[in-house]
Amino acid sequence: MRFIHSSDLHLGRRFANIPELPDTNTRGRLMEARHGVIGRLAAAARDHGAEHVLLAGDTFDTATPSSMVIRQALSAMGDDPTVQWWLLPGNHDNLRDAEPLWQEIVRDAPANVHALTEAAPVQLADDATLLPAPVTFRNPGTDLSAALVAMPSPEGARRIGLAHGGVTDFTESGAHIPPDRDRSARLDYLALGDWHGRMAVGDRIHYPGTPEQDRFKHGRRGVCLAVTVGGALEVTEVETGHFLWTELDLPLHAGQDAAAALSALLPSSGRRDTLVRVKASGWAGLPEQAALTAAAAHAAPDFAVFELVTAALGTHYETADLDEIDRGGALRLAADRLRADAESETLSQDDRDIAAAALSRLYAYVKDSA
């Protein structure tokens, strides 16, 4: 029995936190990549001889996606009628808040798309039973996968669980999924969703993560899992992500060529489809910081998104650098005051950071004007 395990497509996500220039369409490209992953999941099924795609919750980003998002998703799933899609309600598209959504799916879905709105077994094949645990409320406050323990299946059939939620209980609500649920429910495989990163909880319990990444946390393109049950369990990662979200560390020391260090760190290809956050740390003088800022501004247009974070980068001050701002007069008085505030032991860290950033900006402004 072979199938594709995926989750957290979050179709219709708007990416409102992504900066957008007037003549770009980054948010639209990210939204389209999420829709395009449907075709990539179908291709993964065909390539691995799988007849079924199991989506472990949060197929849609909200409980009220537009009819265009819903209908176009269903149409894309219906393009290849040989692939069967099984959609489990998650916390974002849970049964209570998204009741009209699931009614529309049941009404309009092609014959190869199935909404799993009941915690009841479904026969995938003569020797394989799907045991779904749909999310009833956004925060159900209980472990819904517990229903899998008593859920029946034919004698000798492979038991495949499908659930949505975390294996860690951050709120002490008792809603977490036990890491031994595969044993207590006699499962050959437990397909989980909710966590957006790839994680193996155990040999038979897996999170594939979202197939199209949406945050810098994981540092790799999204994948789905090609799973074979029966005999030896096989779980194979299949890359499905179009965009790469990556967070890069840039440690610096005083006197280092910060611009060159940044250039060496950045990927040399695929930049248009890469969202990058560079976290600078350590120490740099005013000239190096100005050069780093200029180098970042020069590189940024190559990327879908580019962020330079300097909160952990300290400033090494030299009198000669302040002399480049001005040797006297109002600008030098301002520079000396900002340096004093940046090095003050009585001001708050926020105030010191603001002073340091202002002094770096003043230095860069003067140098640019010159």
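Residues numbered from 1 in each chain as written. Predicted model: local features only at pLDDT ≥ 70, side-chain atom pairs only at ≥ 80, totals over all residues. Heavy atoms only, no water.

**Some details on the pattern of salt bridges**
Okay, step 1: Taken as a whole, this structure holds 20 salt bridges when the rule is applied.
Okay, step 2: Between Arg158 and Asp188 there is a salt bridge; the shortest N-O distance is 3.4 Å. With a gap of 30 residues between them, Arg158 in strand β7 (residues 158–164) and Asp188 in the loop between α5 (181–184) and β8 (189–193) connect regions that are remote in the sequence.
Okay, step 3: The class for Asp188 is partly exposed, based on a relative accessible area of 21%.
Okay, step 4: We note a salt bridge from Arg215 to Asp214, for which the minimum N-O separation is 3.2 Å.
Okay, step 5: With a relative accessible area of 34%, Arg215 lands in the partly exposed category. (Salt bridge = Lys/Arg side-chain N within 4 Å of Asp/Glu carboxyl O. Helix = DSSP H or I, 4+ residues; strand = E, 2+ residues; numbered from the N terminus. Buried < 20%, exposed > 50% of the residue type's maximum accessible area, 1.4 Å probe, protein only.)

**Some details on the sheet that holds strand β11 (residues 223–228)**
Okay, step 1: Pairing in this open sheet of six strands is mixed, and the strands run β4-β3-β2-β1-β11-β12 from one edge to the other. Of all the strands in the sheet, the pair left with one neighbour each is β4 (113–115) and β12 (234–239). When strand polarity is set aside, the average angle formed by the axes of neighbouring strands in this sheet is 25°.
Okay, step 2: Alignment of strand β1 (residues 2–6) against β11, held across four bridges, turns out to be antiparallel. Along β11, the bridge assignment pairs Phe3 with Val227.
Okay, step 3: Packing against the sheet, helix α1 (residues 26–47) makes contact with β1, β2 (52–55), β3 (84–87), β11 and β12, and its axis sits at approximately 155° to β1. (Pairing = 2+ DSSP bridges. Axes fitted to C-alpha atoms, helices over the stretch in contact; angles between N-to-C directions. Contact = heavy atoms within 4.5 Å.)

**Section: helix α10 (residues 349–369)**
Okay, step 1: Counted at 1.5 Å a residue, the expected span for α10 with its 21 residues is 30 Å, and the 30 Å between its end C-alpha atoms agrees.
Okay, step 2: Elements that come into contact with the buried residues of α10 comprise α7 (286–299), β15 (305–316), α8 (319–325) and α9 (329–342). (Expected span 1.5 Å × (residues − 1).)

**Re the layout of surface pockets**
Okay, step 1: Estimates place the volume of the largest pocket at around 690 Å³.
Okay, step 2: As for the largest pocket, its lining consists of 24 residues, and the residues nearest its centre are Gln289, Thr310, Ala356, Ala357 and Ser360.
Okay, step 3: Looking at the lining of the largest pocket, the elements with two or more residues in it are α7, β15 and α10.
Okay, step 4: When residues in the lining of the largest pocket are grouped by element, the largest group, eight residues, is from α10. (1 Å grid on protein atoms, 1.4 Å probe; cavity = no way out; pocket = protein on both sides within 12 Å on 5 of 7 lines; lining within 4 Å. Points joined across faces, edges and corners; volume = space filled by probe spheres on them.)

**A closer look at the environment of His10**
Okay, step 1: Mapped onto the elements, His10 comes out in the loop between β1 and α1.
Okay, step 2: For the pair His10 and Thr210, spaced 200 residues apart in sequence, the C-alpha to C-alpha distance is 8.4 Å.
Okay, step 3: Not counting the four nearest positions on each side in its chain, His10 is found in contact with Arg34, Asp58, Thr59, Phe60, Asp61, His92 and His196.

**Description of the pairing of strand β13 (residues 244–252)**
Okay, step 1: Where β13 and strand β14 (residues 274–285) come together, nine bridges link them in parallel fashion. Each residue of the ladder has a partner; that of Thr246, found in β14, is Val276.
Okay, step 2: Where the polypeptide runs from β13 across helix α6 (residues 258–265) and back to β14, its parallel neighbour, the crossover connection is right-handed. (Right-handed = clockwise from strand over helix to strand, strands pointing away.)

**Considerations on the packing of α7 against α10**
Okay, step 1: Interaxial distance between α7 and α10 falls to 9 Å at its minimum, and their mutual angle equals 75°. Overall, the two elements α7 and α10 adopt an arrangement that is roughly perpendicular. Of the residues in α10, those in contact with Leu286, Pro287, Gln289 and Ala290 of α7 are Leu359, Ser360, Tyr363 and Ala364.
Okay, step 2: Here the contact of α7 with α10 is composed, by residue class, of six nonpolar, two polar and no charged. (Parallel < 35°, antiparallel > 145°, perpendicular 65-115°, else oblique. Nonpolar A, V, L, I, M, F, W, Y, C, P; charged D, E, K, R; others polar.)

**Here's the deal with α7**
Okay, step 1: With 14 residues, α7 should cover 20 Å at 1.5 Å per step; its first-to-last C-alpha distance of 20 Å lies within 8% of that length.
Okay, step 2: Buried within α7 are the following residues: Leu286, Glu288, Gln289, Ala290, Leu292, Ala295, Ala296 and Ala299.
Okay, step 3: Considering only its buried residues, α7 is in contact with β13, α6, β14, β15, α8 and α10.

**Re the packing of aromatic side chains**
Okay, step 1: Summed over the entire model, instances satisfying the criterion amount to five aromatic pairs.
Okay, step 2: Pairing Trp195 with Tyr207 gives two aromatic rings, centres 5.0 Å apart and planes at 10°, and the pair type is stacked. Taken together, the positions of Trp195 in the loop between β8 and β9 (199–202) and Tyr207 in strand β10 (residues 205–207) put the pair 12 residues apart, joining distant regions of the chain.
Okay, step 3: A ring pair is formed by Phe303 and Phe306, whose centres lie 5.6 Å apart and whose planes are at 45°; its orientation type is tilted.
Okay, step 4: According to the relative accessible area criterion, Phe303 is buried, its value standing at 7%.
Okay, step 5: Pairwise contacts between aromatic rings join Phe15, Phe216 and Trp245 into one cluster. (Phe/Tyr/Trp six-rings, centres within 6.5 Å; stacked < 30°, edge-to-face > 60°.)

**With respect to the environment of Met31**
Okay, step 1: With respect to the helices, strands and loops of the structure, Met31 is situated in helix α1.
Okay, step 2: Residue Met31 is classed as partly exposed on the basis of its relative accessible area of 32%.
Okay, step 3: It is 43 Å that separates the C-alpha atoms of Met31 and Gly156, two residues lying 125 residues apart in sequence.
Okay, step 4: Among residues more than four places away in sequence, those in contact with Met31 are Gly12, Arg13, Arg14 and Phe15.

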